[in-house]
Amino acid sequence: MQEILIYILKRILQTIPLLILVSIISFFIIRLSPVDPLAELKLNPSISKETLQKEAQRMGLNKPIWKQYLLWAKSFAKGDLGVTTTGESVASKLKERIPNTLLLTIVVIFMTWSTAIPLGMLAAVKWKTPFDRFLTFLTSIGMAIPSFFFAILLLIFAVKSGWFPVGGLTSYNFDEMGFFHKILDITHHLILPVTVLFTISLAGLQRQMRANILDVLDSDYVKFARAKGLSENKVLFKHALRNAVNPMITLLGFEFSSLLSGAALTEYVFQYPGLGRLILEAVLKSDINLVMASLMMGAFMLIAGNLLSDILLILTDPRIRARG
Amino acid sequence: MKRVIYISLILLVFLLFLKACIRKDVPEQETANNQNLNQKTEFEFPQKAKTVTINGTDYLQSQAPTGKFGGEVILSIFGEGPKTFNPFTSKDATSSQMAGMMFDGLFTTDAKTGEVIPKLAKKYELKGNDYYIYLRKGIQWSDGNPITADDVIFTWKNIIFAGLGNTSLRDSCIIDGKLPLITKIDDYTVKFSLPRPFAPFLRQLSAEVAPKHIFEPAVKQGAKYFDGFYSTTTPPEKFVTSGAFKLKEYKPAQRVVFVRNPNYYEINTKNEKLPYLNKVVYLIVGDANNEILKFEAKEIDVISLKGSNVARYKQKEPNADYKIYNIGPDTGTMFIVLNLNNRKNSEGKYYVQPEKQFWFKDKNFRYAIDYAIDRDNMVQNIANGLAEPLFTAESLNSIFLNKNIKGHKRDIDISREYLKQSGFSTNKNGKLIDKYGNNVEFDLYTNAGNIERESLGVMIKQDLEDLGMKINFKPIEFNTLVNKMVNTLDWDMILMGLTGSPLEPHNGKNVWNSYGSLHLFNQRLEKLSYDDRLDFEKQLDEIYDKASLETDFKARKALYDKYQQIIYDEKPIIYLYSPTRIIAVRKKLKNIYPSTLNGIMYNIEEIYLDK
């Protein structure tokens, strides 16, 4: 147990220089790009020179880039994410959006994993039967169709049928609804975006699981277990599954990192009030504090996800523990 | 056998998917269809609202037909939603629009004539250089406090003239280096004393008035605090407003909801308090495609239509629940601008290559470009016939438009003639060369992602290549383009659009003043120690100064006519066309009087629902 703790500590310490490097690279790439955060103001004939100067000063644009970076890093280290170019607090902007994005991604991840794993196993067990082929056919569609395109198709479907709202998360009269009505309203809005993300990630996950199980089912120890006369269920769940699940745990780590950023494209098409739209606009306007906060968040989630999957691997796989 | 069933099953599913893609061929709509739409929708505006005194309160009485109370209208706004609800710190159109829902100004613009008409103020008098503003007696803020001269004086003295928030309004009120003096005459009369006559001033009094009892504590906390005051995170119940509506809910990236202000000072002809609507909802939509989908799904009630959608909507109109209005030309202008800059940057390099400077500063060259551009073709093919060619710096709906500038058709022979006069010639390969033997080749930039401008760019490129010029058309990202345009100045020609004001040409002084922050065609980054203004720039500076002094409309118009003539004669900026604004409004909304000057929803307090 203690070894694991030391391992975790080591990993966390390793991330610090990594995060610093990520922040330096991203900061300079954004700042060196010829994008002017004041562009829109400058093109407005009724905005005076004095206002422009005041704005440039407020955003610190008149200082050299390395100084801007140091200022940013100093306040970031203190936990202050700064303000956006329009003067709103970055932390509160993110706080508004993170729950919405999490709601979407968690629902999707929960649904895909709880469907993909059993389906993958089933497909492997029923290998080369019509059932397996049918699943293969369906997942191929899921893999082939681009998410934004599928999202647009569903939006058009929503308009033509009138069964679903056209994007968004809540209806305009949401505030006057009762509790259950509210839940229904959100569910109603979530169905289409969840369908898109579910179909797309289900396909890959199900294929991965099927391949893993197939691989394992062919191995000597499974043959041996069968020869021992163990029931097929026991062979599958006790011997095959345990060995097949390792790559899935690694995948789970990546899924974790996509919790906040994985749905951006779909969010954009569905006008979902998540992080995706916010960050896209921030990048286009070179809203440095907001972009940096989201990039750092992404880097952090990726590192945390990997750490999480490594720990899970240690727990599930005695071989890794022994090598430790 | 199993295999056959299995394959046919898959085929069946596949065919089902294919079926969805098949649709009957619909013949392409002709742009001719749009011709009948190209006429402005005609209707009678109601009489002007007047002031009525009931029990000592000076109400504003709307003369529009009376309607039913209740209901809500759902509108849309683009982008990421408002950045603030404070009208004094707002720097973007959406925020200003949202703040405008809640706060009224002393004056507003007449939708039909563009005159300055009273709103929060009862009337004004001009005595010498002093404006006497008379306020309504007995009207209240949404929290029941009276609206008095103190609020007006506080707003102008302690917020606007103190330089809090967006200082653009203050900067445009500086007359000969001085700000107007504000004096309180009594609780309902305020005097603004100007150092000299200044015509745009009255319209500037349309700026929102702030409730002193709410804003004063915030102002005392300093400029930084004020920037975050009445922001998007302020709880809605804290808003104290003078407008027809007040904030009820703001959900980021989703919607802004306003409810009626029960203390609003406008009444209908039955003396009932307006507004009619209980709620106004603005849905925040990311882009035009989403807006169209939302309109089709009946989630929003009003939409501005563009391009091919217009014909489609017009065709469906007879059986649909919406009515289409043509409200005339847009207030924006679309143009190409040439870089006449002949200075060097801080590293001693020319912003524009010397041989190009020679072309651009040559008036004949600019004339050749102007005559080579086929505006009619642009109107037909890019704007689907829903636009008019534009030749003036003022937009077509401006009350100061110089109607004597008639423009011209494309004429490539005239173009060639102008080029010949300046010693340009074409070589064997049909390429244009100047008199020193340089190939005429330059860059045309516009912002990427704007389909209209990208197609315009291609057309301009083709039009100019007919003269043998070589144009490198480069759409680049918007922010990058603006950076080039106003900071690094390393560009030859840019295709751009600017929003204009149909009422006040003086708002364009940042563009036309030789030292303006948006003096596109000859941007000076700082004051120079020497005067290198071109002759026509000097003339423009003079006209702009003079016109702001002139309070008589006719005399002012004569000056602004002259400025438009100078731009047309000198062509530093070549205007292309002005799109026509087409909107669809649900028929259930009544008292809709869209105006080319004020837009659609300016009379939101008079609009009611009739199902």
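Keep in mind that what you see is a predicted model, and the values were worked out from it rather than measured. (Residues numbered from 1 in each chain as written. Chains lettered and ligands numbered in written order. Predicted model: local features only at pLDDT ≥ 70, side-chain atom pairs only at ≥ 80, totals over all residues. Heavy atoms only, no water.)

## Topic: the sheet that holds strand β10 (residues 245-251) of chain B
Residue and element names in this part refer to chain B. We apply this condition: Strands are labelled as partners when DSSP assigns at least two bridges between them. Secondary structure elements are taken from DSSP: a helix is a run of H or I of four residues or more, a strand is a run of E of two residues or more, and numbering for both begins at the N terminus. Only the stretch in contact is used when fitting a helix axis, every axis being a line fitted to C-alpha atoms; angles between N-to-C directions are given from 0 to 180 degrees. Contacts are assigned to residue pairs that have any heavy atoms within 4.5 Å of one another.
If you trace the 4 strands from one edge of the open sheet to the other, you get β3-β13-β11-β10, paired in mixed fashion. What marks the edges here is a single partner per strand, and that holds for β3 (72-78) and β10. Taken over all neighbouring pairs, the strand axes of this sheet differ in orientation by 20° on average, direction set aside. As paired strands, β3 and strand β13 (residues 279-285) are joined by 7 bridges and run parallel to one another. Paired with Val73 across the strands is Val280, a residue of β13. In the packing of helix α8 (residues 288-296) onto the sheet, the strands contacted are β3 and β13, and the crossing angle to β13 comes to about 135°.

## Some details on the confidence of the model for chain B
The predicted coordinates of low-pLDDT regions are not to be read in fine detail. All names here are of chain B. This is how the line gets drawn: Known as pLDDT, the predictor's confidence for each residue is given on a scale from 0 to 100.
Taken over all residues, the pLDDT of chain B has a mean of 88, while the share at 70 or more is 96%. Ignoring residues within four places in sequence, the model shows residues 26-32, a span with pLDDT below 50, making 5 contacts including any to other chains. Interface predicted TM-score (ipTM) for the complex: 0.83; the corresponding pTM is 0.84.

## What about the domain arrangement of chain A?
Residue and element names in this part refer to chain A. Our working definition: Note that the domain bounds reflect an automated or database-derived domain assignment. What counts as buried area is the accessible surface, traced by a 1.4 Å probe, that two parts surrender upon association, with contributions from both included. A pair is scored as a salt bridge if a Lys or Arg side-chain nitrogen falls within 4 Å of a carboxyl oxygen belonging to Asp or Glu. Identification of polar contacts relies on pairs of N or O atoms within 3.5 Å, with a donor-acceptor requirement for protein atoms, meaning one able to donate a hydrogen and the other able to accept it, and with residues adjacent in sequence counted only if both atoms are side-chain atoms.
By domain assignment, chain A separates into domain 1 (2-78) and domain 2 (101-316). Relative placement of domain 1 and domain 2: their C-alpha centres are 32 Å apart. Carbon and sulfur atoms make up 80% of the area that domain 1 and domain 2 hide from each other, which totals about 1700 Å². Its largest share of buried area at the contact with domain 2, domain 1 owes to Arg11, Leu19 and Ile30, together 28% of the area lost on that side. On inspection of domain 1 and its partner domain 2, the count reaches 1 salt bridge. Its salt-bridge partner being Arg11, residue Asp310 comes within 2.4 Å of it at the nearest N-O pair. Inspection of the region where domain 1 meets domain 2 yields 2 residue pairs in polar contact (both at pLDDT 80 or more).

## A word on a nonpolar patch on the surface
Residue and element names in this part refer to chain A. Heads up, the rule is: Patch membership requires more than 30% relative accessible area and the absence of a salt bridge. Residues of like charge join within 9 Å; the nonpolar side chains Val, Leu, Ile, Met, Phe, Trp and Tyr join within 5 Å. Using the Shrake-Rupley algorithm and a 1.4 Å probe, accessible areas are obtained, with residue cover drawn only from the displayed protein chains.
On the surface, a nonpolar cluster with roughly 520 Å² of combined accessible area is contributed by Phe148, Phe149, Ile152, Leu153, Ile156 and Leu265. Looking at the nonpolar patch, the element that brings in the most residues is helix α7 (residues 147-161), giving 5 residues. By the element assignment, Ile156 lies in helix α7.

## Side note on the domain arrangement of chain B
The accessible area lost on association of the parts is a frequent measure of interface size. Residue and element names in this part refer to chain B. Selection rule: Classification used: nonpolar for Ala, Val, Leu, Ile, Met, Phe, Trp, Tyr, Cys and Pro, charged for Asp, Glu, Lys and Arg, polar for all others including Gly.
Under the domain assignment used here, chain B contains domain 1 (50-270 + 588-609) and domain 2 (335-580). Here the C-alpha centre of domain 2 lies 36 Å away from the C-alpha centre of domain 1. Contacts between domain 1 and domain 2 engage 14 residues on the former and 13 residues on the latter. Summing the contributions of domain 1 and of domain 2, the shared interface buries around 1100 Å²; its carbon and sulfur component is 64%. For domain 1, the biggest contributors to the area lost against domain 2 are Ala199, Arg203 and Leu597; these three give 39% of the whole. Among the residues forming the side of domain 1 that touches domain 2, the class breakdown is 6 nonpolar, 5 polar and 3 charged.

## A word on the interface of chain B and chain A
Across the contact, 64 residues belong to chain B and 53 residues belong to chain A. In total, chain B and chain A occlude about 4900 Å² of area from one another, counting both sides; carbon and sulfur atoms represent 53% of this. Put simply, chain B and chain A have 4 salt bridges between them. In this structure, the salt-bridge partner of Glu281 of chain A is Lys83 of chain B, at a minimum N-O distance of 3.7 Å.

## Points about the side chain of Asp58 of chain B
All names here are of chain B. Which entries qualify depends on this criterion: Under the scheme applied here, a residue whose accessible area is under 20% of the maximum for its type counts as buried, over 50% as exposed, and between as partly exposed, the area being computed with a 1.4 Å probe on protein chains only.
On the secondary structure map, Asp58 appears in strand β2 (residues 57-61). Taking relative accessible area as the criterion, Asp58 reaches 5% and is therefore assigned buried. Within polar-contact distance, the side chain of Asp58 engages the side chain of Thr53 at 2.9 Å.

## Section: the packing of aromatic side chains
Residues and elements named next belong to chain B. Quick reminder of the rule: Paired rings are identified among Phe, Tyr and Trp, the last through its six-membered ring, by centres lying within 6.5 Å, and are further divided according to the angle between planes into stacked (under 30 degrees), edge-to-face (over 60) and tilted (the rest). A ring is considered to have a charge above it if a Lys NZ or an Arg CZ atom is located within 6 Å of its centre and within 35 degrees of its normal.
As enumerated under the stated definition, the model contains 59 aromatic pairs over all chains in all. On the numbers, 6.2 Å between centres and 45° between planes, the contact of Tyr124 with Tyr131 is tilted. Note on Tyr124: relative accessible area 33%, which makes it partly exposed. Classification of Tyr131 by relative accessible area gives buried; the value is 4%. Geometrically, the ring pair formed by Tyr560 and Tyr563 is edge-to-face, given 6.0 Å between the ring centres and 80° between the ring planes. With Tyr560 and Tyr563 both in helix α18 (residues 553-570), this residue pair falls 3 residues apart, about one helical turn. With a relative accessible area of 0%, Tyr563 lands in the buried category. Pairwise contacts between aromatic rings join Phe85, Phe88, Phe103, Phe215, Tyr225, Phe226, Phe229, Tyr230, Phe239 and Tyr250 into one cluster. Over the aromatic face of Tyr132 sits the side chain of Lys127, whose NZ or CZ is 4.3 Å from the ring centroid. When the ring centre of Tyr568 is taken as reference, the NZ or CZ atom of Lys571 above it lies at 3.8 Å.

## Remarks on the sheet that holds strand β21 (residues 470-476) of chain B
Residues and elements named next belong to chain B. Strand order in the open sheet formed by 5 strands is β21-β20-β22-β16-β23, with mixed pairing between adjacent strands. Each end of this open sheet is capped by a strand with a single partner; those strands are β21 and β23 (573-575). Across the sheet, the axes of successive neighbouring strands diverge by a mean angle of 30°, strand direction being ignored. Both strand β20 (residues 441-447) and β21 contribute to a ladder of 7 bridges, which runs parallel. By the bridge assignment, Asn447 is partnered in β21 with Ile476. Running over the sheet, helix α14 (residues 451-465) touches β16 (332-338), β20, β21 and β22 (493-499) and is turned about 170° from β21.

## Some thoughts on the pairing of β20 of chain B
Residue and element names in this part refer to chain B. Rules: With the strands pointing away from the viewer, any crossover whose connection runs clockwise from the first strand over the helix to the second is right-handed.
Where burial is concerned, most of β20 is hidden: 6 out of the 7 residues are buried. What joins β20 to β21 is α14, and the crossover it makes is right-handed. Bridge analysis of β20 against β22 gives 2 bridges, and the strand direction is parallel. Paired with Leu444 across the strands is Met493, a residue of β22.

## Things to note about the nonpolar core
Residues and elements named next belong to chain B. Stated formally: Residue types Ala, Val, Leu, Ile, Met, Phe, Trp, Tyr and Cys, when buried and joined through side-chain atoms within 4.5 Å, form a set referred to as a nonpolar core.
Grouped together as the largest cluster of nonpolar side chains are 76 residues, with contacts concentrated most on Leu106, Trp156, Phe192, Val256, Phe258 and Val280. Those residues in contact with Trp156 that sit more than four places away from it in its chain are Phe161, Leu169, Cys173, Ile182, Phe192, Gln204, Leu205 and Ala207. Listed in part, the 75 residues of the second largest apolar core include Trp359, Trp491, Met493 and Leu498.

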